[in-house]
Amino acid sequence: MKRAVLAGLLILLLPAVVLSRPAQATSLFGPNERIVSAYQAGELSVDDMIRYGVASVTAPETVPARLRPTGPLSTNAETYLTYLSAMSAKASGAAKQVLSPPGLRSTGNSFFDCAHDEPYRFLRKDYHCWANVDNFVIFYNLDTGGGGVPPTPAEPSGRPTAIQNAVDAVSIAARTYRSMGFEISDNPAVPHAIFFGTDQFCDPVLDNLCSPKLRNPFVLPIGYNFLPTILMPSNPVYYDYLPRHELFHVFQYSYWKAGKVAQDFFRQFIDTDAFGSMNWWMEATAEWAAHQTYLHAPSHVPYPSQRDMYADHVDDFLAKPMLALNGWDGLGGPRQYGAFLLPLYLTEQVGPDFVRSTWEQIRSAGSSPITAIQASLGGRDLRVLLHGFAIANYRLAAPQYGAAENGYRDPDVALWRSELEQEQATEGDSLGGARPMRSSNAAFVGYNEVASGALLPGGSSYTDFTAQQGAAPATLTIKGFNVAPGQPVPRVAWSVLVWAQAGKGSDTLSAYPTAEYVRSPDSTGTVEIENFRYPMVATLVKTRLDLRTSSAAASNDWTNPFWSVGNYVPFQRRSCALRPPVLGPPQLDAYPVGTFNAYAASTPDGWTGGDSTFSMPLPGGRTLWLFSDTFLGPLNANGTRPTTARIINNSFVLQDGDKLTTVHGGTASDPRALLPPPDGTHWYWSGDGFVTGDRLQVMFNKYRLEGTGPMPFAFDQNVVATFSLSDLTKPKSVTPLPSRAGVAWGSAILPASRSGDGYTYVYGVSDAPINKKMKVARVRGDDLRVGRWQFYTPWGWSEVEEHAAETLSGIANEYSVTPWRGQFLMVSQDSTEAFNGLINAFTSCDPFDGFTNRTPVYRMPEPGPFGSYLDGDVISYNPHVHFEQSTDASLLISYNVNSMDNRAQPDADHYRDPSIYRPRFIRVAIS
């Protein structure tokens, strides 16, 4: 649990309220609204407001009835007294004495703190004991049953241990602050004072009439000897840390004069945020200063827990780092206390006199803290420093390994980390350990985002991008920053902090990974993290550089710059002497068309027709042909097909010389598809395949019945069936493949053995009636079942199938991509028109895009009412180059012929003329 806040310039734990209108101002003072309203209306002088105001706290029955408090004061009594103290700068000397009575009349026997002639009265409270240290008088009472400090002796004088700790703390703090060059009134005849035990003020006559408990320390700008005066509650547990913190506020008032305090404090409650614009820096530097006292005198730490109290609010500052640097969340609000990190960081970067220089600027030039900070940097660039500050804050959760110039040198980094761990908004993340509030995104390969994040002046924000385990090494590209139309363009510094560089050490993140390096944007506003892979994390750090001197204005100046982030495997482009192919006249009815026709005419139960017609070489010079829908024999004696002919959805035909053998599932008497349909409404059609070693892999596309008409089906799923070459009758395994994008992959396959880069390329198509478009995927190695699929996008390779981009337009559902003379040759039917019979060739240096040099190869003569069959139902489609039977000088190309007449009748096309549903082969010379 967080320790309660006990340190404060004025008070702590008050509502974070900034009031701006007179009608609202007095409501902060609750029951004392009458006095402040009368002063604002000109009915009371400042002298009377102070006299009646103090009396309303200490002796309300003495206040005129029309001004008397309307009820008990709330905890705002501390704020109210401080307000009156600040306003007393405008009052007469007599009025000031209400809050600033004359100093000691007699020091009595100074050896014994409590052996004085008579008590000293301050704000209607009697103090019987006082001790002198440096140029301060510490007032207190012993606890004799009526409140005070427990009289546990610390020395023969009988001084309580807590008071002795306070005396030591004041001595150490005053000496430390002076050694750092801070100035303070140092007239021994006019000392400052610290009052311990100001828990409440009671009427001296009516002891039961007391103010509410004052639980927090605060500083009156004008008090004892007309000097800043510290009032401390009776809580001796914190009498080491709190005096150190509050004493620095006394030093600060040497630079921020009482008259200015009065003006700004008054305005804070009336019409501006002048006080808050100063108070955030007062609290930040007071926590910084208290920390310095422990560093300067490390041997005197009576309470180790108090030594660490200055850091209690690191989490409050870093839980919302995007807020304004000089944001102020009201008197006692915790964020400004955690802002001690800023003066600490700037002191480390600029020099030990930095904080003092800011207060000298405040005094000499009347500067705001923001202006004073800018003037105290000794020529350093505040933009660079603020962004370095943001990076250093993010690195708090890790030991300061790597990129040391972007970290803190203070020995208490581990303490700040422990404070962060107590804040829910900064709990553990992908890097391990607590950090400033951030977002964390899984930057999978293919991650692409345009995002925005609100920033206020001087604020920072953080986004982690985590590489995913098992993903391919990629390039994380971040580009920014822009704003929405009509928004002002903020000045934003940004960079990318890279953690746990892959390849160095273990592949598992330690609790606190190493910060490897920081990369800034190049001249195009881009950062690229190459070879981004698990377990790397890249943190985008963004800092808004335009500042506002007003805390209120800064806290309402939101902008939303946005940026783009992408993580893709980059293309490895190849160079080649790209040129169009030169094609000779085709040789029609090329081998093995006669072999297939003869086999169909004679087989009793084998292949008599089919489509797809993929092929691949097998050991021993054999060729394996892959077909989708396949008619089985026999044919009738007159060459027609009986209407009882079996048809299966996929088959193989094994060619060994001129001998063909049909391979299917089931038995000769009950033939089934090699990959049988899972039910009556689904089936598998063959895609391309390849052989590696003793293994055959074939892509199959599962389809389902859907719709009506001549093509009542729709794509359902991609699978790969793996066969052993020793048994092609049934697959050893069937493995689901990426299918979410609705792409039937397997239109063509370029195996790793021919791709030249170790990847197997798998091609698909965006199906459409016309202008079908190519899509490309790839898998490293020669097994489609293992490894992560990558999909082509214009920005690089993605591992998200839905990102697969359309490339070449006007292609067929099936086509081929083969290497040819240092280039890649693509052959496909033209789909720019429905049932177009034109076959085209294209060339590219890469197997995945860039296909150009469109060259006509052949026009298929069969389709349409004016085709060779004079039949409007006949179509031709899906040409393939058969690589194993082609050379650099000659291509064997097949294409399919079919009919839309699907009737099972003797006069239907597939039955009256079985030649319609068979592949055609042409051979084309190429150079």
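In short, a report on the structure. All figures in this text were calculated on a predicted structure; none of them were measured in a lab.

### Some words on the nonpolar core
Phase 1: Judged by nonpolar contacts, the single largest core of 85 residues is most densely connected at Phe182, Trp359, Tyr408 and Trp416.
Phase 2: Broken down by element, the residue count for this core peaks at 11 residues, all from helix 9 (residues 274-296).
Phase 3: Contacts of Phe182, omitting those with residues within four sequence positions, involve Tyr177, Phe248, Phe251, Tyr255, Trp288, Val355, Arg356 and Trp359.
Phase 4: One finds Ala55, Met87, Ala95 and Phe122 within the second-largest nonpolar core, a separate group that totals 34 residues.

### A look at the pairing of strand 35 (residues 823-829)
Phase 1: Most of strand 35 sits inside the fold, with 7 of its 7 residues counted as buried.
Phase 2: Both faces of strand 35 are covered, namely the face carrying Gln823, Leu825, Val827 and Gln829 and the face carrying Phe824, Met826 and Ser828.
Phase 3: By the bridge criterion, 5 bridges tie strand 34 (residues 816-820) to strand 35 in an arrangement that is antiparallel. Of the residues in strand 35, the one forming a bridge with Pro819 is Phe824.
Phase 4: Hairpin connection of strand 34 to strand 35: 2 residues between the antiparallel strands, including Arg821 at a positive phi of 50°.
Phase 5: Note: strand 35 against strand 36 (residues 838-844), 6 bridges, orientation antiparallel. Bridge pairing in strand 36 places Met826 opposite Phe842.

### Thoughts on the sheet that holds strand 25 (residues 695-705)
Phase 1: Pairing within the open sheet is antiparallel, and its 4 strands lie in the order 24-25-26-27. This sheet does not close on itself; its edge strands, each paired only once, are strand 24 (682-692) and strand 27 (733-736). Neighbour-to-neighbour, the strand axes of the sheet open up by a mean angle of 25°, direction not taken into account.
Phase 2: Strand direction decides the pairing type here: strand 26 (residues 713-724) and strand 27, joined by 4 bridges, are antiparallel. In the strand pairing of strand 27, Val720 is matched with Thr735.

### Looking at the sheet that holds strand 34
Phase 1: The strand order across the open sheet formed by 4 strands is 34-35-36-37, and the pairing between neighbours is antiparallel. The open sheet has two edge strands with one neighbour each: strand 34 and strand 37 (852-859). Each strand of the sheet is rotated relative to its neighbour by a mean of 25°, with strand direction disregarded.

### Points about the state of the cysteines
Phase 1: For the coordinates displayed, the defined rule picks out 2 disulfides.
Phase 2: In this model, Cys114 is linked to Cys129 through a disulfide, with the two sulfur atoms separated by 1.9 Å. Classification of the bridge connecting Cys114 and Cys129 rests on its S-S torsion, roughly 105°, and on that basis the disulfide is right-handed. Of this pair, Cys114 sits in the loop between helix 5 (93-99) and strand 1 (120-122) while Cys129 sits in strand 3 (residues 129-133); the two residues are 15 residues apart in sequence, bridging distant segments of the chain.
Phase 3: Taking relative accessible area as the criterion, Cys114 reaches 35% and is therefore assigned partly exposed.
Phase 4: Cys129 sits in the buried class, given a relative accessible area of 2%.
Phase 5: Between the sulfur of Cys576 and that of Cys845 lies a disulfide, 1.9 Å long from S to S. Disulfide Cys576 to Cys845: torsion about the S-S bond roughly -80°, handedness left-handed. Of this pair, Cys576 sits in the loop between strand 16 (562-568) and helix 19 (593-602) while Cys845 is found in the loop between strand 36 and strand 37, placing the two residues 269 residues apart along the sequence.
Phase 6: On the basis of relative accessibility, which here comes to 25%, the residue Cys576 falls in the partly exposed class.

### Considerations on helix 2 (residues 33-40)
Phase 1: Buried within helix 2 are the following residues: Ile35, Val36, Ala38 and Tyr39. Burial along helix 2 is one-sided: seen end-on, the buried residues are contained in an arc of 160°.
Phase 2: Positive phi appears at Gly42, one or two residues downstream of helix 2, with a value of about 80°.

### Re empty space enclosed by the protein
Phase 1: Counted according to the given criterion, the structure contains 5 cavities of 30 Å³ or more.
Phase 2: The computed volume of the largest cavity comes to approximately 90 Å³.
Phase 3: Around the largest cavity sit 15 residues that line it, and Phe317, Pro321, Phe389, Gly458 and Ser460 are the ones nearest its centre.
Phase 4: Elements that contribute at least two residues to the lining of the largest cavity include exactly helix 11 (314-318), helix 16 (382-394) and strand 10 (460-466).
Phase 5: Ranked by residue count, the leading element in the lining of the largest cavity is helix 16, at 4 residues.
Phase 6: Broken down by class, the residue content of the lining of the largest cavity amounts to 10 nonpolar, 4 polar and 1 charged.

The rules we used
Residues numbered from 1 in each chain as written. Predicted model: local features only at pLDDT ≥ 70, side-chain atom pairs only at ≥ 80, totals over all residues. Heavy atoms only, no water. Core = buried A, V, L, I, M, F, W, Y, C linked by side-chain atoms within 4.5 Å. Buried < 20%, exposed > 50% of the residue type's maximum accessible area, 1.4 Å probe, protein only. Helix = DSSP H or I, 4+ residues; strand = E, 2+ residues; numbered from the N terminus. Contact = heavy atoms within 4.5 Å. Pairing = 2+ DSSP bridges. Axes fitted to C-alpha atoms, helices over the stretch in contact; angles between N-to-C directions. Disulfide = S-S within 2.5 Å. Arc of directions from axis to C-beta. 1 Å grid on protein atoms, 1.4 Å probe; cavity = no way out; pocket = protein on both sides within 12 Å on 5 of 7 lines; lining within 4 Å. Points joined across faces, edges and corners; volume = space filled by probe spheres on them. Nonpolar A, V, L, I, M, F, W, Y, C, P; charged D, E, K, R; others polar.

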